[in-house]
Amino acid sequence: MALIKCPECKQQISSEAESCPNCGYSGKKKKGCGCLPIIGGILLGIIVLFIIFSIMTSDDSNGGVITDDRTYSHSWRSPVGDEYVKIGRIIVKNDIKVCGEYYVKEIENGELVIACTGNGQDWDYFVVYTSFDKIYRANEEMESKLNPPR
């Protein structure tokens, strides 16, 4: 029998002691299978695969084109109230240079389609989300359905 230092409290204990009489340190690891990290990894993998599968099989039948009839049937109008400031700020923030003049159509509250021109003849179309400060160029199919403001 030899005296050793307890790894926990550094007191002298017998090498044959099952636990330290001073602090109770046993030196034994907690029982368990140690498989929790493995199970967690498997579950995470299954969740990631499910998300990827959901994205790949989702039916985006409109191809990103706004299908709301108001987008195409309502007339263009000038921005009203604080729309002019909000849209202008979003245009500048996104470094869009083609909007010297623009008109809007409201799709939903805070979601607008805008027609921009820098020369009064050539029009570019964007979808603006004023509540999120986001702007996206309309895709070709959507542009083909929109008529210039004048």
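Procedures and definitions
- Residues numbered from 1 in each chain as written.
- Predicted model: local features only at pLDDT ≥ 70, side-chain atom pairs only at ≥ 80, totals over all residues.
- Heavy atoms only, no water.
- Helix = DSSP H or I, 4+ residues; strand = E, 2+ residues; numbered from the N terminus.
- Buried < 20%, exposed > 50% of the residue type's maximum accessible area, 1.4 Å probe, protein only.
- Contact = heavy atoms within 4.5 Å.
- Patch = residues over 30% accessible without salt bridge, like charges linked within 9 Å, V, L, I, M, F, W, Y side chains within 5 Å.
- Areas by Shrake-Rupley, 256 points an atom, 1.4 Å probe, with all protein chains shown as cover.
- Salt bridge = Lys/Arg side-chain N within 4 Å of Asp/Glu carboxyl O.
- Pairing = 2+ DSSP bridges.
- Axes fitted to C-alpha atoms, helices over the stretch in contact; angles between N-to-C directions.

Draft legend 1. A look at the environment of Ala 2. Relative to the elements of secondary structure, Ala 2 occurs in the segment before β1 (3-5). With a relative accessible area of 39%, Ala 2 lands in the partly exposed category. For the pair Ala 2 and Glu 16, spaced 14 residues apart in the sequence, the C-alpha separation amounts to 7.9 Å. Not counting residues up to four positions away in its chain, the partners in contact with Ala 2 are Ile 13, Ser 14 and Ser 15.

Draft legend 2. Looking closely at a nonpolar patch on the surface. Taken together, Ile 38, Ile 39, Ile 42, Leu 43 and Ile 46 make up a surface patch of nonpolar side chains, about 490 Å² in accessible area. Within the secondary structure, Leu 43 sits in helix α1 (residues 36-57).

Draft legend 3. Main features of the sheet that holds strand β3 (residues 101-108). Read across the sheet, 4 strands follow the order β3-β4-β5-β6 without closing on themselves; strand pairing throughout is antiparallel. Of all strands in the sheet, those with a lone pairing partner are β3 and β6 (134-137), marking the two edges. Averaged over all pairs of adjacent strands, the angle between their axes in this sheet comes to 25 degrees, without regard to strand direction. Examined bridge by bridge, strand β4 (residues 111-117) and strand β5 (residues 123-129) share 7 bridges and lie antiparallel to one another. Its bridge partner being in β5, Ala 115 is matched across the sheet by Tyr 125.

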